[in-house]
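Summary of structural features
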Amino acid sequence: MKTYVIAGIYVFVLILSAFFYFNGLQETESNVHNRLLPVEIKAVRAGASEETIRNIVLEANEQKDKISIAGMQHSQGGQTLYPNGILLDMKPFNQILDLDIASKTITVQSGVTWNDIQRHINPHGLSLKVSQSQNIFTVGGSLSVQAHGLDIRNGGMMSTVESLRLLNANGEIVELSSSKNPELFHAVIGGYGLFGVILDVTLKLIEDELYEVSIDTFDYTDYSEYFQKRVLGNEATKMHLARISISPENFMEEMYAINYSLADRQDRLPEFSELKEERLIAAPKLLLGISRLNDEGKELFWNTQKTYIQSIEGNLVSRNNAMRSDSEFMEYNNASKTEVLQEYFVPVDEFTDYIEDLKVLLEKEKDFNLLNVTIRYVSRNDQAVLSYASEDMFSLVLLINQHADADGIAETGRVVRDMIDVTLNHGGTYYLPYYGYPTQEQMARSYPRTDEFFELKDRYDPDHRFMNIFYEEYRP
Amino acid sequence: MNYKSFIQYQGIVGMASTMIFPFYILMLKNAGTSYAQFGWAYGLFALTAAISYPLIGRASDRVGDKALLSIYSWGMALLLLFFPLAAEIWHVYVLQILMGILGAVQKNSEKAVLARHVDKTTAGKQIGIYHTYTSVAAAIAVIGTGYLVDFLTIASIFYIASIAFAVSGFIVTKMPIYAANPAFLEEKTNI
């Protein structure tokens, strides 16, 4: 009898503990995930208020210190780091300043995460226009890497920024928008923190909507046409995501797509508008773990995904919930290995030929451990100085498991550079926030305005107050 | 006394505790940052154990090994549920202090049970067999957990270990081992 009382208490505490633990997961902690770049820095300073940030910059001017600016620090190419520099942590700078429901705009400090915004605007039936698939990043960070997401109708992230305020190297605050100081505006978005500190941002919002999930599976040769006719051509479809198989059975051939289209019954939105929290991650984490090991694991992972997507067909989901994705299961702790991302953009029409060439390349690389390829769409958006989408593109995000030692870095680097060459040959580009594997020449080919970008940097910040490893590595 | 079920019990708690022990350093890494903090976390564990041993030793003869082992099992089961929630270094210190007390309970009771039930002439052999089984269980646990951490979160290791301790809590109540000291009872009735 006594044992059952104790057991009862135990079960109660177990449930409480699990509840608090999963709640705590919502407040994503950020560490520098990637151990490929061990960098000694002089100090970490928290940007708690506008005044503190300004003082940090002025002080750095006096001391001739370099400042690197950090949000969640998920970029992998040293964009937030500089050796012996001051790391300005923007996470504490996270107030929501103003929500204008009538004009559908929100003004936030740049350390605010997309999740914070979603929580704030969801009760008002409003939604973000463009955000990353994962909502854990800071607004300032996402703008600095010019992120994109699932949305296929609202262009790039830049087009959703009404205006922003930037603290420059002199400690002055300048207002930027596509009409005010456009030159600097187009350099700061996708500027990797090299032009100053983004203080606050006014973002355009749209109304939350109810979507119905639909699933299609097809061969890679059909994807371009399928996308143009059935996805882009269907006005009701607002978001899209596809994956291509990495299972040896049908490597780089079989694909599936998840589409989010306006549901017939928009009046049912309130039933689905409550924000969902991160689900149990053990299952996907286990499968991803198995897929790291060997080919059978990859097969199992792919087949499970195909089964899983069948189960979500026809689900109703609010726009806000569709824009909150899980990423925790990708967290990976291994002393000798690490996981890196790559992202390539290829013109929609080039997809089939591109995949064929990429497949030939990857099939030769038996030791290259590719775990996942997710495909999204980015429409042409070439205003940013470092724009990656000079036409309508598919973006392919590759998750790669690699050894963290010198050999592992050299091997992965070789394959990555080969993949980028293939991408460039198909009129594509690669995404800059990841590890510095690409060569300077590859950057110049991907980004024709590279020289202009660095010249602007030197003009607006002649003393190089704002610095990072990315600049050091890629300044021609 | 059922020696086999005692070995089973020790096998399970041994598995559960070795499962978490090397890995919760990863937890410390999240909460603490300096070697001094590591040192303190372990030092507090050892210090509280040192302080508790005399008390536990006496309690062992009075209330019996069974009661102490079930305190240990259920105590650990509950305590481990707090590990995934530890965020500050002082949380870790508090948990280490409690772990120190419970660790002392286990060590003392383990040895007391062995001392009470092992035949003096074959003690070496019997204790050898006992250690063989429990060490094998510990080895399996620690190697297996290494793989598990790759697949699951570190937090889930604590939950799994906690459930294992809860299971051991049930086993110990069913175990026909020494419940209380007859000498102590005699003393009481004589008064």
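About the cut-offs
Residues numbered from 1 in each chain as written. Chains lettered and ligands numbered in written order. Predicted model: local features only at pLDDT ≥ 70, side-chain atom pairs only at ≥ 80, totals over all residues. Helix = DSSP H or I, 4+ residues; strand = E, 2+ residues; numbered from the N terminus. Buried ≥ 20, exposed ≤ 12 C-beta atoms within 10 Å, placed from the backbone. Contact = placed C-beta atoms within 7 Å. Nonpolar A, V, L, I, M, F, W, Y, C, P; charged D, E, K, R; others polar. Core = buried A, V, L, I, M, F, W, Y, C linked by C-beta atoms within 7 Å.

**A word on the overall build of chain B**
Looking only at helices and strands, one finds 8 helices and 0 strands in chain B. If you list the helices and strands of chain B from N to C, you get α-α-α-α-α-α-α-α. For chain B, the proportion of its 191 residues judged to be buried stands at 38%. Once local pairs closer than 6 in sequence are excluded, the contacts in chain B between residues at least 24 apart make up 88%.

**Here's the deal with the interface of chain A and chain B**
Taken together, the contact between chain A and chain B spans 16 residues of the former and 19 residues of the latter. The set of elements that each furnish at least two residues to the side of chain A that touches chain B consists of α1 (2-26) and α8 (282-293) of chain A. Broken down by element, the residue count for the side of chain A that touches chain B peaks at 10 residues, all from α1(A). In terms of residue class, the side of chain A that touches chain B is made up of 9 nonpolar, 6 polar and 1 charged.

**Focus on the nonpolar core**
Grouped together as the largest cluster of nonpolar side chains are 120 residues, with contacts concentrated most on L88(A), L166(A), V188(A), F195(A), V197(A), I198(A) and V201(A). The contacts of V188(A), once residues within four sequence positions are left out, are L166(A), L176(A), F195(A) and I198(A). Counting 45 residues, the second largest nonpolar core, distinct from the first, contains W74(B), V105(B), V113(B) and A141(B).

**Some details on unusual backbone geometry**
Across the chain, the bulk of peptide bonds are trans and the bulk of non-glycine residues have phi less than zero. Residue and element names in this part refer to chain A. Positive phi, close to 55 degrees, is recorded for K64, a residue that is not glycine. Counting through the fold element by element, K64 comes out in the loop between α2 (50-63) and β2 (67-70). The class of K64 is exposed, set by 9 C-beta atoms lying within 10 Å. One non-glycine residue, Y192, lies in positive phi territory at about 50 degrees. Residue placement: Y192 occurs in the loop between α5 (182-188) and β9 (197-207).

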